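Single-letter residue listing:
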Amino acid sequence: MDDLKRYCLDTLVRAVHDRHHGWRVPVISTVSARGPQGRCVILRGVQRDPLLLEFFTDRRSGKVVDLVADCRMQWTFWNPKAQEQLRVWSEVEMLLEGTVVDQAWSRVPAYAWRDYATATSGTAEVDMAQARSNFVLGRALVTGVEFLRLSRDGHVTLEF
Ligand SMILES: Cc1cc2nc3c(=O)[nH]c(=O)nc-3n(C[C@H](O)[C@H](O)[C@H](O)COP(=O)(O)O)c2cc1C
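J.: Explain the environment of Leu-43 residue by residue, including any values.
T.: Relative to the helices and strands, Leu-43 resides in the loop between β2 (35-40) and β3 (45-47). The residues touching Leu-43, leaving out its near neighbours within four places in the chain, are Ala-15, Val-16, Trp-23, Arg-24, Pro-26, Leu-53 and Phe-55.

J.: Describe the nonpolar core, naming the residues involved and giving the relevant values.
T.: Membership of the largest hydrophobic core comes to 24 residues, with the highest contact counts inside it found for Trp-23 and Leu-86. The leading source of residues in this core is strand β7 (residues 135-149), at 5 residues. If we ignore the near neighbours within four places in the chain, the residues touching Leu-86 are Cys-8, Trp-23, Phe-77, Val-145 and Phe-147.

J.: Describe the site of the ligand, naming the residues involved and giving the relevant values.
T.: Taken together, the neighbourhood of the ligand is formed by 13 residues, with Arg-39, Thr-57, Ser-61, Gly-62 and Lys-63 sitting nearest. For the shell around the ligand, the secondary-structure elements that each account for two or more residues are β2, β4 (52-58) and α2 (62-69). Per-element tally for the shell around the ligand: the top contributor is β4, with 4 residues.

J.: Which residues make up the pairing of strand β6 (residues 84-95), and what values go with them?
T.: The pairing of strand β5 (residues 72-79) with β6 spans 8 bridges and is classified as antiparallel. Bridging across to β6, Arg-72 finds its partner in Glu-91. Between β5 and β6, which follow one another and run antiparallel, lie 4 residues, and Gln-83 among them has a positive phi close to 60°. Pairing of β6 with β7 involves 12 bridges; the strand directions are antiparallel. Looking at β7, one finds that Trp-89 is bridged to Gly-144.

J.: With reference to specific residues and values, describe the environment of Leu-141.
T.: Of note, Leu-141 is situated in strand β7. Its 15 C-beta neighbours within 10 Å are what place Leu-141 among the partly exposed residues. The sequence separation of Leu-141 and Val-92 amounts to 49 residues, and the corresponding C-alpha distance is 6.2 Å. Excluding residues within four positions of it along the chain, Leu-141 makes contact with Pro-50, Leu-52, Ser-90 and Glu-91.

What counts and what doesn't
- Residues numbered from 1 in each chain as written.
- Predicted model: local features only at pLDDT ≥ 70, side-chain atom pairs only at ≥ 80, totals over all residues.
- Helix = DSSP H or I, 4+ residues; strand = E, 2+ residues; numbered from the N terminus.
- Contact = placed C-beta atoms within 7 Å.
- Core = buried A, V, L, I, M, F, W, Y, C linked by C-beta atoms within 7 Å.
- Buried ≥ 20, exposed ≤ 12 C-beta atoms within 10 Å, placed from the backbone.
- Near = placed C-beta within 6 Å.
- Pairing = 2+ DSSP bridges.

Structure (structure tokens):
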């Protein structure tokens, strides 16, 4: 495997576990009725062969509405320290049930359950079962990657 490709994959894996890594919070863009829609998410998982990227979301969110209509999604990662951008094209499946989703849900800390519950601001109790039912594991099958490193000595690019 090309060294630069391996570097890109290793860096994605690292970003999942390194809270301070620029690539941990990519912008994901979907195709909506209003045109392109981008927003930040946290990169939650990376698998190789085939290359899969994962994120967590709420089934009531706009991005899920978009992805039901058109599963294509683009990721834009930027690491200012390294001056490295990664653009990733993908097709997303949204998983609501099964062992893999249960495992993902078990990684959501209790303080974040509220994000997935019906809006109950001001009340202390969060209905955990309801929060779980809104939780979606987004799994993106990567269809293309473009890497760009800005450098005064000449930009470095790679597509795979
Ligand atoms: C730093 C940051 C991290 C975020 N992480 C997530 C995330 O992992 N999943 C998610 O659904 N929304 C996340 N959000 C919120 C989204 O950016 C967005 O506002 C929300 O999901 C609603 O977008 P939508 O209506 O287009 O789906 C995050 C926002 C910020 C600023």
